[in-house]
Amino acid sequence: MDSNNNLAIPISLIYMLLRSGIAKLRGRSLVVSEDISTAKLRLEASDIIPEVKFCPEEMPSIIDVDDVLKNMCVMVYKYFEDRCAACAIKVFSILGNEWLVDERALVKLFEIARDFNLPLQWSMGCIILTTCPEDYGEVREQLKPGDYIKGLDRIRRALLELQKRI
């Protein structure tokens, strides 16, 4: 992570390093156990984790949700004129400077995002699962106001699947 607690490398690379066992989570770092320039790393299409390439331009509205979402998300919100839904899952303690999940759980979280096509964003020690498209320009074209409700259901199904996998 950089000095602002943002990820300094793409999530797909973190996923690939953790999944292959080349890297481990230690303190505030991702410790790589071998020289990745010589490691046989090939990023396959199945390794690509969707990432949001923008932040909401408006303040998100925190919403009240059911137990499935409450138990997994530290915050659930809608934003972008009620088009997108998001769930913030705390994975890193900024105060404690330590990971709150292990490598296996983080890999599973990345796989859920990929399998359910829920783009991710890293923010303040949380991984944000969102139903917004990866590119800001696609939001208005692909989503209508009120689509966050369908998005919440998609996030809920993904989190139920995550609970089964972990």
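Look a little higher up for the structure.
Residues numbered from 1 in each chain as written. Predicted model: local features only at pLDDT ≥ 70, side-chain atom pairs only at ≥ 80, totals over all residues. Heavy atoms only, no water.

Caption draft 1: Looking closely at the state of the cysteines. For the structure on display, the rule yields two disulfides. Here C73 engages in a disulfide with C87; their sulfurs sit 2.1 Å apart. Its S-S torsion of about -105 degrees marks the bond between C73 and C87 as left-handed, since a negative value means left-handed. Taken together, the residues span a long stretch of sequence, with C73 in the loop between α2 (67-72) and β4 (75-79) and C87 in strand β5 (residues 84-90) at a distance of 14 residues. Owing to a relative accessible area of 9%, C73 belongs among the buried residues under this scheme. In the protein chain, the bonded cysteines, numbered by position in the sequence, are linked as 1-3, 2-4. Left unpaired, C126 is separated from the closest cysteine sulfur, that of C87, by 8.9 Å. Residue C126 is classed as buried on the basis of its relative accessible area, which comes to 9%. (Disulfide = S-S within 2.5 Å. Helix = DSSP H or I, 4+ residues; strand = E, 2+ residues; numbered from the N terminus. Buried < 20%, exposed > 50% of the residue type's maximum accessible area, 1.4 Å probe, protein only.)

Caption draft 2: Examining the sheet that holds β5 more closely. Reading across the sheet, the five strands line up as β3-β4-β5-β9-β8 and stay open at both edges, with antiparallel pairing between neighbours. In this open sheet, the two edge strands, each paired with only one partner strand, are β3 (61-62) and β8 (120-123). Pairing of β3 with β4 involves two bridges; the strand directions are antiparallel. By the bridge assignment, S61 is partnered in β4 with K78. Each of β5, β8 and β9 (126-130) touches helix α3 (residues 103-115); the most contacted strand, β9, lies at about 20 degrees to it. Set on the sheet, helix α5 (residues 148-165) makes contact with β4, β5 and β9; between it and β5 the angle comes to about 35 degrees. (Pairing = 2+ DSSP bridges. Contact = heavy atoms within 4.5 Å. Axes fitted to C-alpha atoms, helices over the stretch in contact; angles between N-to-C directions.)

Caption draft 3: Summary view of the pairing of β9. Of all five residues that make up β9, five are buried, and the element is covered over most of its length. Because side chains alternate across β9, one face comprises the buried residues C126, I128 and T130, and the other comprises I127 and L129, equally buried. As defined by bridge partners, β5 adjoins β9 across five bridges and the pair is classed as antiparallel. Pairing of A86 across the sheet is with T130, part of β9. As consecutive antiparallel partners, β8 and β9 are separated by two residues, and within that stretch M124 has a phi angle of approximately 50 degrees, a positive value.

Caption draft 4: Spatial organisation of unusual backbone geometry. Backbone geometry at F80 places phi at a positive 50 degrees, although glycine is not the residue there. Considering the arrangement of structural elements, one finds F80 in the loop between β4 and β5. Given a relative accessible area of 3%, F80 falls into the buried group. Positive phi is not limited to glycine here, since N97 has a value of about 55 degrees. Under the relative-accessibility criterion, N97 is labelled partly exposed at 33%.

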